[in-house]
Amino acid sequence: NNDNDDDILAALGEADNENIRIIRGTGDEITDDLWDDIQGSAPSQFEVMKQLLGINIFTYILAAAIVVMLSLNAFLGPGWLGQMIGNEGTGTFTEISDSLPSNIDLNQPENLL
């Protein structure tokens, strides 16, 4: 078993192999001290969920950008970015399309209920 342990430690490539213990199952129950040691070195549930969901620094940057853009839309109104860039037709409507009629008479027989 010791030869097999040395192969495992060599495969890990750890520089500090003295701190690594390989525990083989014997069929006996795990002692309370060993169980506390195992639980003490376990990652937190938050870290496990972050790893499972794939949350990384890019996710935090993207969330911050979304919060900033939605806040600016709430305070400055929709189309503020297009107006800053100079795109025509963004933001407030200042031009009336020629295809729309200027007034509509709703008293026509086809509009009555």
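Fair warning: this is a prediction, and the values are worked out from it, not measured in the lab.

S.K.: Any chance you could explain the overall build of the protein here in plain terms?
M.R.: A tally of helices and strands in the protein yields 5 helices and 0 strands. From first element to last, N terminus to C terminus, the protein shows the α and β order α-α-α-α-α. Within the structure as shown, the protein displays about 10500 Å² of accessible surface, and the carbon and sulfur contribution to it stands at 58%.

S.K.: Explain a nonpolar patch on the surface here, please?
M.R.: Among the surface-exposed residues, Phe46, Ile57, Phe58, Tyr60, Ile61, Leu62, Ile66 and Leu70 lie close enough to one another that they form a single nonpolar patch of about 880 Å² accessible area. In terms of residue count, helix α4 (residues 57–76) provides more of the nonpolar patch than any other element does, 7 residues in total. Residue position: Tyr60 is located in helix α4.

S.K.: How do you make sense of the pattern of salt bridges when you look at a structure like this?
M.R.: Working definition: two side chains of opposite charge can pair if their charged atoms are close together. Inspection of the entire model under this criterion finds 1 salt bridge. Of the charged contacts in the structure, one is a salt bridge between Glu47 and Lys50, with a shortest N-O distance of 3.9 Å. Of this pair, Glu47 and Lys50 are both found in helix α3 (residues 45–53), 3 residues apart, which corresponds to roughly one turn of the helix. By relative accessible area, which is 39% here, Glu47 ends up partly exposed.

S.K.: Got a minute to help me understand the environment of Asn111 in this structure?
M.R.: Within the secondary structure, Asn111 sits in the segment after α5 (80–85). Apart from the residues lying within four places of it in its own chain, the contact partners of Asn111 are Asp105 and Leu106.

Rules behind the numbers
Residue numbers restart at each chain and count upward from 1, following the sequence in its written direction. Note on the predicted model: pLDDT of at least 70 is required for a residue's local features to be given, and 80 or more for side-chain atom pairs to be given and counted; whole-chain, interface and lining totals, by contrast, use all residues. Neither water nor hydrogens contribute to the side-chain values; these are computed over all heavy atoms in the structure. For the purposes of this entry, the term helix denotes a DSSP run of H or I that reaches at least four residues, the term strand denotes a run of E that reaches at least two, and both are numbered from the N terminus. Using the Shrake-Rupley algorithm and a 1.4 Å probe, accessible areas are obtained, with residue cover drawn only from the displayed protein chains. A patch is a set of surface residues, each over 30% in relative accessible area and not in a salt bridge, joined within 9 Å for like charges and within 5 Å for the nonpolar side chains Val, Leu, Ile, Met, Phe, Trp and Tyr. Take a side-chain nitrogen of Lys or Arg and a carboxyl oxygen of Asp or Glu: if they are within 4 Å of each other, that pair is a salt bridge. Buried means the residue's accessible area, taken with a 1.4 Å probe over protein chains only, is under 20% of the maximum for its type, while exposed means over 50%, and partly exposed covers the values in between. Working rule for contacts: check all heavy atoms of both residues, and any pair within 4.5 Å makes them a contact.

From the geometry alone we can't say anything about function, so treat these as descriptive.
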